[in-house]
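An overview of the molecular structure
Chain by chain, the residues run as shown.
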Amino acid sequence: MIKSAPYIPIASIFSLVFLLIIPYWLVQMICIGFLLIVLISFLYVKLLERSIKVERRLKKLKLSCQEQSDITFTIKNYSRMHVFCCYYFDDAPFFFIYKDKNQDMISLRPREVKQICYKVSAQERGLYHIGPVKLRTTDPFGLFNLELEIPADLEVTVRPARLKLQTQVFPGIPQGSRKIRNPIYEDVTMRRSVREYKYGDEVKRINWRASARFEKLYTNQYEDSYDVPLFVFLNLAEDDYSIRNRGYYSEKAIEIAANIVEYARSIKQACGFAAYGSNFPFLPPKQNQWDYILDLLSVIKIEEGKLDYNPKLKFKHQLPNGCLFYQVGPEEVEYYFAKLEANKEDINTSNLGVLKK
């Protein structure tokens with residue numbers, strides 16, 4: 001949008017009238033000069049309106065609560081005109097902006113591209129949007145103001161805050177991706193090395209090729225590995241939480257659940273999820289669905305009612321063999337705060353009662 005200074009229309013009309021009525025060449029030259037300046041200034045701003053662009057490389061961003069993240073975008077001047085003074089403002093509601101760097105004054109040379117970067121953090125999980133980017137500039141004479149509002153939307157998913165919580169996993173299904181020093185979980189499809197034959201070794205373990213080469217018996221050694229699927233059940237039944245601390249405790253339960261899912265992603269193990277409430281589906285343990293579960297935990301809300309069933313018994317026959325069942329609710333949160341008050345360092349899913357055996 002182009003806005004002119006209040007006196008420009010009136011001055012232009014008077015200049016045009018004086019040009020047509022007053023026959024003196026000096027007055028006419030002054031009027032013509034003023035009208036040319038107004039015209040050139042308007043064309044200057046009109047050209048900038050079409051030439052200044054804002055772009056974001058990222059369209060979606062994911063970060064955890066109370067963590068810093070960089071927000072970047074570029075302002076491009078495609079014209080051959082110099083932008084002497086340009087004010088920008090990136091609208092980022094619900095975020096804490098460090099040093100208010102989402103707004104500032106810059107100048108742009110012809111064909112110049114400037115990258116803007118600032119840091120934000122969020123105090124609450126959820127789905128937010130950053131944008132639009134607002135620009136304001138003017139011509140060199142200050143006769144016309146150009147105001148642009150460019151969408152450049154950025155979708156930000158704020159995930160639950162990370163906790164100091166150790167997630168314990170135990171051997172589950174043999175022949176997986178996790179290494180362990182336990183011959184019970186030996187994977188005969190993954191040979192680790194060979195060693196000299198010892199009395200009592202099975203004949204089928206002998207490496208005949210290596211034995212023939214070195215004229216001595218050698219035995220194969222295999223990798224010991226396992227897979228351990230995880231399943232997280234989150235109880236957000238409103239009536240199960242005390243009215244006094246319902247909001248805070250339910251948020252802490254979500255953070256504990258997210259911590260377990262994050263750990264499953266770090267060790268690349270299948271993870272499933274379910275929660276009290278009809279709006280969130282039952283997700284059996286699968287690979288590569290950690291981000292989807294974390295996105296659910298970013299927007300999940302507490303539900304009305306009371307948990308009136310045993311989750312482990314309900315989902316028992318829908319989970320794979322060897323799956324570890326984690327249940328997070330008000331009782332587990334109480335244990336968590338009790339550990340914190342006691343200054344315990346070994347806070348894990350086992351001593352909090354989250355891991356149901």
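Above this text sits the structure in question.
Here goes a summary of the coordinates provided. (Residues numbered from 1 in each chain as written. Predicted model: local features only at pLDDT ≥ 70, side-chain atom pairs only at ≥ 80, totals over all residues. Heavy atoms only, no water.)

1. With respect to the overall build of the protein
Broken down by element type, the protein carries seven helices and 20 strands. Taking 357 residues into account, the globule formula puts the C-alpha radius of gyration at 21 Å, and the protein, at 34 Å, lies well above it. Seen through its C-alpha atoms, the protein measures out along the principal axes to roughly 120 × 70 × 35 Å. The burial tally for the protein puts 43% of its 357 residues in the buried class. Of the contacts made within the protein by residues no fewer than 6 positions apart, 71% connect residues no fewer than 24 positions apart. Computed over 50 positive and 41 negative side-chain charges, the inter-centroid distance for the protein is 6 Å. (Helix = DSSP H or I, 4+ residues; strand = E, 2+ residues; numbered from the N terminus. Rg over C-alpha atoms; globule rule 2.2 N^0.38 Å. Buried < 20%, exposed > 50% of the residue type's maximum accessible area, 1.4 Å probe, protein only. Contact = heavy atoms within 4.5 Å. Lys, Arg positive; Asp, Glu negative; His and termini not counted. Charge placed at Lys NZ, Arg CZ, Asp CG, Glu CD.)

2. Considerations on the packing of aromatic side chains
Within the structure shown, the criterion is met by 16 aromatic pairs. Between F233 and F315, the ring centres sit 6.0 Å apart and the planes meet at 45 degrees, which makes this aromatic pair tilted. Remark: F315 occurs in helix α6 (residues 311-315) and F233 occurs in strand β16 (residues 230-234); sequence separation between them is 82 residues. Summarising the burial analysis for this pair, F233 and F315 share the class buried. Grouping aromatic residues by their ring pairs yields a cluster made of F231, F233, F282, Y309, F315 and F325. If you follow K314 out to its NZ or CZ, it ends over the ring of Y309, 4.3 Å from the centre. (Phe/Tyr/Trp six-rings, centres within 6.5 Å; stacked < 30°, edge-to-face > 60°. Lys NZ or Arg CZ within 6 Å of the ring centre and 35° of its normal.)

3. Examining the packing of helix α4 (residues 246-266) against helix α5 (residues 290-299)
Between α4 and α5, the least distance of the axes is 10 Å, while the angle of their chain directions is 170 degrees. On the basis of the axis angle, α4 is roughly antiparallel to α5. Of the residues in α5, those in contact with I254, A257, A258, V261, E262, A264 and R265 of α4 are W290, D291, I293, L294 and L297. Class assignment for the residues of the contact of α4 with α5 results in nine nonpolar, no polar and three charged. (Axes fitted to C-alpha atoms, helices over the stretch in contact; angles between N-to-C directions. Parallel < 35°, antiparallel > 145°, perpendicular 65-115°, else oblique. Nonpolar A, V, L, I, M, F, W, Y, C, P; charged D, E, K, R; others polar.)

4. Quick look at unusual backbone geometry
That bond from G131 to P132 is cis: its omega, 5 degrees, falls within 30 degrees of zero. A positive phi angle, near 55 degrees, is found at K268, a position not held by glycine. Structurally, K268 can be placed in the loop between α4 and β17 (271-275).

5. Digging into α4
The α-helix winds at 3.6 residues per turn, so residues separated by three or four positions along the chain end up facing the same way. Helix length check: α4, at 21 residues, gives a terminal C-alpha distance of 30 Å against a target of 30 Å (1.5 Å per residue), a fit within 8%. One or two steps after α4, the chain reaches K268, where phi turns positive at roughly 55 degrees. (Expected span 1.5 Å × (residues − 1).)

6. Section: the sheet that holds β17
Read from one edge to the other, the open sheet built from five strands follows the order β18-β17-β16-β19-β20, with strand pairing classed as mixed. The open sheet is flanked by β18 (283-286) and β20 (355-356), the only strands paired with a single partner. As paired elements, β16 and strand β19 (residues 324-328) share five bridges and run parallel to each other. The residue of β19 that forms the bridge with F231 is F325. (Pairing = 2+ DSSP bridges.)

7. A short note on the sheet that holds strand β3 (residues 60-64)
In spatial order, the strands read β3-β12-β9; together these three strands make up an open sheet with mixed pairing. With one partner strand each, in any of the chains shown, β3 and β9 (126-130) form the two edges of the open sheet. When strand polarity is set aside, the average angle formed by the axes of neighbouring strands in this sheet is 25 degrees. The pairing of β3 with strand β12 (residues 154-159) spans five bridges and is parallel. What sits directly across from S64, in β12, is R159. Strand contacts of α5: β3, β9 and β12, with the helix running at about 85 degrees to β12, the strand carrying the most contacts.

8. Some words on the side chain of S298
Along the polypeptide, S298 turns up in helix α5. At a separation of 2.9 Å, a polar atom in the side chain of S298 contacts the main-chain carbonyl oxygen of L294. With near-sequence residues (within four places) excluded, S298 lies in contact with R125, G126, T157, V158, R159 and P160. (Polar contact = N/O pair within 3.5 Å; in protein donor to acceptor, adjacent residues only side chain to side chain.)

9. A word on a nonpolar patch on the surface
Together, W25, L26, M29, I30, I32, L36, L39, I40, F42 and L43 make up a nonpolar patch on the protein surface, roughly 1,000 Å² of accessible area in all. Secondary-structure assignment places L26 in helix α2 (residues 25-51). (Patch = residues over 30% accessible without salt bridge, like charges linked within 9 Å, V, L, I, M, F, W, Y side chains within 5 Å. Areas by Shrake-Rupley, 256 points an atom, 1.4 Å probe, with all protein chains shown as cover. Salt bridge = Lys/Arg side-chain N within 4 Å of Asp/Glu carboxyl O.)

10. Some points on the environment of G322
One can find G322 in the loop between α6 and β19. Between the C-alpha atom of G322 and that of V228, which follows or precedes it by 94 residues, the distance is 6.6 Å.

11. Remarks on the pairing of strand β5 (residues 83-90)
Note: β5 against strand β7 (residues 103-108), five bridges, orientation antiparallel. Each bridged residue has a counterpart across the sheet, and for Y87 the counterpart in β7 is M105. Pairing between β5 and strand β10 (residues 133-138): five bridges, direction antiparallel. Across the sheet, D90 pairs through a bridge with V133, a residue of β10.

12. Quick look at the side chain of E255
You can see E255 is positioned in helix α4. Apart from residues no more than four positions distant in its own chain, E255 is found in contact with P160, A161 and L163.

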